[in-house]
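Examining the three-dimensional arrangement
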Amino acid sequence: MNDISGIEKYCTIRLIQEDAEAIYSLLQSERDPIFSECVMPYYALFVQSCEEYMKTNAIEGSVAKRIKDIRNNIKAYADRAGRTTRRIADVDQKQDFQFREQLRFNFMKKWNIHYNLGTFWVQDKKIVGNTQMLNDVLRIEDIFAPNRGEMELELGRQIGSYVASVRNGLAVNISPPEICRKNHAVKIPFYCDFNTNRKSKMIKHDIPKEINILLLHLLCSLNFVRYVLSGLFYPGNTWVFRIQYITTYYAFYALSKLNNHVQNNHDSDIDIFSVESLLDEGKVLFVTDFRNCMMHYDLHGYGVLTAEHLNKSLFGLIENCFPDYSYESYSIQLETYRDKLCAYLEQYFDFSGVALKENT
């Protein structure tokens, strides 16, 4: 083993340890069920990426496949626009059917009086999640299934057990980093239910329903990290940075795919606001080698580490992949770009008239 190979292995293990400590701290303190569902894809990302790097199969039974699916679904809306809209339409139809079936009398099912989209909010009317996105990403086939609670508990149990096992195992040989938390026991306090079959004043722009739902999903994903997850840690937490990078990148990529679809299909009924300049701005922030390091843990052989920058955050990954940036300046630029994406997405909606109800 040469020196750089040993360094790459050590840095990989250390990044895993830092993320495990951050996730473990959340598992110990956070009990809000909506938060738990919103953050679950990023727990799954950790587990699946560790399994791939360590070449182990510690997760048991059907949960293993579900975790892999959840991890892959983080990038689901960055597929080709046609495939993405069909996926969203399918989820919307399934949710509509499942909620419609909950009506007590058959004759009421034709009245279109049910709700099929639940939305979750924090202060200042910032939307941070919705049921259609969560049920899709978390692979929940039937939200009213009698065994759903047991399935979610088993998923959480195995993920928690895995994170604790990795954390304890690494601590035997490497002293764990201290995780500084800014807040604990977060609560996502508000909700509002909608029927996507009916026109809503929340929707400002006349485009197909599936596109509006896609844009809402992207906004929820960005806002959850921006207004909920980031607020639980002090600035500089590298796991939060990783999740912020991933959500921002896939929102950028999804908008790129949507824009390409609109540009290449002039007879389409999709009329979106101009986004080219925003996409051009984002291209300089996303390079392949760095993206791979955010989605996977193995740093071996990618040439992304040098002795010069090992004492910096993320062991100098940013300084090596982006010579014009430091970790601090890149973090600021990434946050600024995320905020611009949110502002772009918010153009499609008017949340001022949404009547929020308090979660109990």
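That block above? That's the structure.
Residues numbered from 1 in each chain as written. Predicted model: local features only at pLDDT ≥ 70, side-chain atom pairs only at ≥ 80, totals over all residues. Heavy atoms only, no water.

Description of the overall build of the chain
Broken down by element type, the chain carries 12 helices and four strands. Relative to the globule expectation of 21 Å for 360 residues, the C-alpha radius of gyration of the chain, 21 Å, shows essentially globular dimensions. Over its C-alpha atoms, taken along the principal directions, the chain stretches across nearly 70 × 45 × 35 Å. Looking at the chain as a whole, 53% of its 360 residues are labelled buried. In the chain, the proportion of contacts linking residues at least 24 apart, taken out of those at least 6 apart, comes to 79%. (Helix = DSSP H or I, 4+ residues; strand = E, 2+ residues; numbered from the N terminus. Rg over C-alpha atoms; globule rule 2.2 N^0.38 Å. Buried < 20%, exposed > 50% of the residue type's maximum accessible area, 1.4 Å probe, protein only. Contact = heavy atoms within 4.5 Å.)

Description of the packing of helix α9 (residues 276–283) against helix α12 (residues 327–346)
The geometry of α9 relative to α12 is characterised by a closest axis approach of 11 Å and an angle of 160° between their N-to-C directions. With respect to α12, the axis of α9 lies roughly antiparallel. Our pair here, α9 against α12, has a crossing hand that is left-handed. Judged by residue contacts, Leu 278, Leu 279, Glu 281 and Gly 282 of α9 engage Gln 333, Tyr 337, Lys 340, Leu 341 and Tyr 344 from α12. A class-by-class count of the residues in the contact of α9 with α12 yields five nonpolar, two polar and two charged. (Axes fitted to C-alpha atoms, helices over the stretch in contact; angles between N-to-C directions. Parallel < 35°, antiparallel > 145°, perpendicular 65-115°, else oblique. Left-handed = near helix turned anticlockwise from the far one by under 90°. Nonpolar A, V, L, I, M, F, W, Y, C, P; charged D, E, K, R; others polar.)

Some thoughts on helix α8 (residues 238–264)
Given a rise of 1.5 Å per residue, 27 residues ought to cover 39 Å, and the 38 Å separating the end C-alpha atoms of α8 matches this to within 8%. With 21 of its 27 residues buried, α8 lies for the most part within the structure. (Expected span 1.5 Å × (residues − 1).)

Brief notes about the sheet that holds strand β1 (residues 117–122)
Strand order in this open sheet of four strands is β2-β1-β3-β4, and the pairing throughout is antiparallel. A single partner strand is all that each edge strand has here, and the edge strands are β2 (126–130) and β4 (357–358). Against the sheet, helix α7 (residues 209–229) touches β1 and β2, its axis set at about 115° to β2. (Pairing = 2+ DSSP bridges.)

Concerning empty space enclosed by the protein
Over the atoms, a rolled probe matching the size of one water molecule traces out where space is still vacant. Per the stated rule, a full pass over the model turns up one cavity of 30 Å³ or more. For the largest cavity, the calculated volume is near 300 Å³. If you list the elements that add at least two residues to the lining of the largest cavity, you get α2 (33–54), α5 (131–137), α7 and α8. Among the residues making up the lining of the largest cavity, the classes are represented as 18 nonpolar, four polar and two charged. (1 Å grid on protein atoms, 1.4 Å probe; cavity = no way out; pocket = protein on both sides within 12 Å on 5 of 7 lines; lining within 4 Å. Points joined across faces, edges and corners; volume = space filled by probe spheres on them.)

So, the side chain of Asn 130
The topology assignment puts Asn 130 in strand β2. The exposure class of Asn 130 is buried, given its relative accessible area of 0%. Here the side chain of Asn 130 touches Met 133 through a polar contact of 2.9 Å, landing on its backbone nitrogen. (Polar contact = N/O pair within 3.5 Å; in protein donor to acceptor, adjacent residues only side chain to side chain.)

Re α9
The periodicity of an α-helix, 3.6 residues per turn, causes residues three or four positions apart to be oriented the same way. Within the sequence span of α9, burial applies to Leu 278, Leu 279 and Gly 282. The arc that holds the buried residues of α9, viewed along the axis, is 100°, so those residues lie on one side. Opposite the buried face of α9, at more than 90 degrees from it, the exposed residues are Ser 277 and Lys 283. On the buried face of α9, the contacting elements are α8 and α12. (Arc of directions from axis to C-beta.)

Things to note about the pairing of strand β3 (residues 190–194)
It is a general feature of regular strands that their side chains alternate between the two faces of the sheet. Bridge analysis of β1 against β3 gives five bridges, and the strand direction is antiparallel. The partner of Thr 119 across the bridge, within β3, is Cys 192. Bridge analysis of β3 against β4 gives two bridges, and the strand direction is antiparallel. Bridge pairing links Tyr 191 to Lys 357 in β4.

Overview of the pattern of salt bridges
Two side chains of opposite charge can pair, provided their charged atoms sit close to one another. Following the criterion strictly, the structure yields 21 salt bridges and no others. With its nearest N and O atoms 3.1 Å apart, the salt bridge here joins Arg 226 to Asp 339. Residue Arg 226 is located in helix α7, and its partner Asp 339 is located in helix α12; the two are separated by 113 residues in the primary sequence. Residues joined in a network through salt bridges with shared partners are Arg 87, Asp 90, Lys 94, Asp 136, Arg 139 and Glu 141. (Salt bridge = Lys/Arg side-chain N within 4 Å of Asp/Glu carboxyl O.)

Comments concerning the packing of aromatic side chains
One pass over the full model with this rule turns up 27 aromatic pairs. Ring centres of Phe 241 and Tyr 327 lie 5.3 Å apart, and the angle between their planes is 45°; this geometry places the pair in the tilted category. Of this pair, Phe 241 sits in helix α8 while Tyr 327 is found in helix α12, placing the two residues 86 residues apart along the sequence. Exposure remark for Phe 241: the relative accessible area of 5% places this residue in the buried category. Among the residues examined, Tyr 327 registers a relative accessible area of 7% and is labelled buried. Ring centres of Phe 349 and Phe 351 lie 5.6 Å apart, and the angle between their planes is 10°; on these two criteria the pair is classed as stacked. As far as the burial class goes, Phe 349 and Phe 351 line up, both buried. Lying across the ring of Tyr 24, Arg 167 places its NZ or CZ 4.0 Å from the centre. Positioned over the ring face of Phe 233 is Arg 181, at 5.2 Å from the centre of the ring. (Phe/Tyr/Trp six-rings, centres within 6.5 Å; stacked < 30°, edge-to-face > 60°. Lys NZ or Arg CZ within 6 Å of the ring centre and 35° of its normal.)

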